[in-house]
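Secondary and tertiary structure notes
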Amino acid sequence: MSITQTTSNSLWQRAYRQFSQALVNSDSLQHYVEPLFQPFTQWGGFSQQRAQLEAIRWESDQVYTLVLRPNKTWQGFAAGQFVELGVEYNGARTLRCFSISSSPEQFQREGTIELSIRVQPEGKITPWLPQALQFSQSIGLSQAMGDFVIEDAHKKHKRLMIAGGSGITPFRSMLTQACADSDCTDTVLVYYASKAGEHLFADALNEIAQNTPSVRVVLLDTERHGRLQASHLQQHCPDFCDRDSYLCGPSGLIRGARDLLADWGVADDQVHFELFGSAPVDVDSADAGGRVQLRQSGKSIQADGSRSLLDEAESVGARPQSGCRIGVCHQCKCRKTSGVVLNTRTGARSDSGPEDIQLCVSVPLGDVEIDA
Ligand code: FES
């Protein structure tokens, strides 16, 4: 699959280079034409869209911030969006998605963005990045993506933000931007960490709250206060049912918050959420699991439905392309040639025939063959 993709990428790259040069006899138009071709070029697009590493700042012993200066082809972002970083790891091109923790205003003022990243103890990339990256190194950077943003139509609505762990990063961006815009919309942020003192950006968040009377920041820790519960919201944000809710954090927090808000009659269109971490595999189906045949590598796995097809394939040494691992970026799109899968993000069952699926959010419902 990767050979075919590389070949077709280079054809597309050559095509749009010739197209742009034919128009203006200059490479410069490539910067404008390239976004049209990005769905086809993927990594080729990263050869143009790059960022320089300006600094690495440790926020705690588990979280570091990359300060990046995107090049001129980068088109900016809205607070709450994320980017893909493309790095070479063990000779393989590897993509990972990270939320932008700084504000659009900082990008306009200084030309830099910040990605705050928690080291995943079992992960390959997040522990390796801060050691491997060099100052002023050039890194592949996608355009900003994602719709976890405050839309114009909702800008004046009162807000409840519920964050867990590293899920604070998009809220830091949103709140910092709101201060820069003098946007005084009534906002309550309820932020959960495991223990007292483990809240990321606590000083910066408290400073925002002190300087902005309409913003309240509530720092709770599950060790002392327990997990999210209605009494927390009743105490700290009694009118939570009347607000737009924005949720970001691990899947357990998102699921709990959505259930709680639904139980209290909050309408679905008032609730916006972004998952952090692996997509939840929460399959309540007697059909879950089956034999997974990997066509390209010739391997097969007996899956029990407790983890995604991406995890299953990687467990036997296959290396399908992947990025966010939460069903957002579509980098793990792969051809299923037969069998039925469940999309754990949408709850949709596939047909049994050939079709493209997202490996990171698919589990087999019976025997499945995929082109990986
Ligand atoms: S890796 Fe991003 S959608 Fe699967």
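So, a few notes on the structure that sits alongside this text. (Residues numbered from 1 in each chain as written. Predicted model: local features only at pLDDT ≥ 70, side-chain atom pairs only at ≥ 80, totals over all residues. Heavy atoms only, no water.)

Looking now at the sheet that holds strand β12 (residues 290-294). Spatially, β13-β12-β18-β14-β16 is the arrangement adopted by the five strands of the open sheet, whose pairing is mixed. Either end of the sheet is taken by a strand with one partner, and the two such strands are β13 (300-303) and β16 (355-358). Adjacent strand axes in the sheet meet at a mean angle of 35° when their direction is disregarded. Note: β12 against β13, four bridges, orientation antiparallel. Pairing of Arg-291 across the sheet is with Gln-302, part of β13. (Pairing = 2+ DSSP bridges. Helix = DSSP H or I, 4+ residues; strand = E, 2+ residues; numbered from the N terminus. Axes fitted to C-alpha atoms, helices over the stretch in contact; angles between N-to-C directions.)

Turning our attention to the sheet that holds strand β4 (residues 92-99). Across the sheet, six strands lie side by side as β4-β3-β6-β1-β2-β5; this open sheet has antiparallel pairing. With partners counted over all chains shown, the strands left at the sheet margins are β4 and β5 (113-118), one partner each. Strand-to-strand, the axes of this sheet are offset by a mean angle of 40°, without reference to chain direction. Both strand β2 (residues 63-70) and β5 contribute to a ladder of six bridges, which runs antiparallel. Pairing of Val-67 across the sheet is with Glu-114, part of β5. Most of the contacts of helix α5 (residues 125-132) go to strand β3 (residues 82-89), to which it runs at about 75°, and overall it touches β1 (50-58), β2, β3, β4 and β5. (Contact = heavy atoms within 4.5 Å.)

Across the seven residues of strand β9 (residues 215-221), five count as buried, placing the element largely inside the fold. Where strand β8 (residues 187-193) meets β9, seven bridges bridge the pair, whose relative direction is parallel. Along β9, the bridge assignment pairs Leu-189 with Val-217. In this region the chain leaves β8, passes through helix α7 (residues 202-211) and returns to the parallel neighbour β9; the handedness of that crossover is right-handed. (Buried < 20%, exposed > 50% of the residue type's maximum accessible area, 1.4 Å probe, protein only. Right-handed = clockwise from strand over helix to strand, strands pointing away.)

Position of Ile-100 relative to the elements: it lies in the loop between β4 and α4 (104-110). Sequence separation of Ile-100 and Ala-144 is 44 residues, and the distance between their C-alpha atoms is 8.7 Å. Other than its neighbours up to four places away in sequence, Ile-100 contacts Trp-74, Phe-77, Gln-81, Phe-82, Val-83, Ile-113, Glu-114, Leu-115, Thr-169, Pro-170 and Ser-173.

Residue pairs spaced three or four apart in an α-helix point in one direction, given the helix's 3.6 residues per turn. Here helix α10 (residues 251-263) contains 13 residues, and its C-alpha end-to-end distance of 18 Å stays within 8% of the 18 Å for a straight helix at 1.5 Å per residue. Within α10 the residues assigned to the buried category are Ser-251, Leu-253, Ile-254, Ala-257, Leu-260 and Leu-261. Considering only its buried residues, α10 is in contact with β7 (159-164), β8, α9 (230-236), β10 (244-249) and β11 (271-275). Residue Gly-265 follows α10 closely and has a positive phi angle near 85°. (Expected span 1.5 Å × (residues − 1).)

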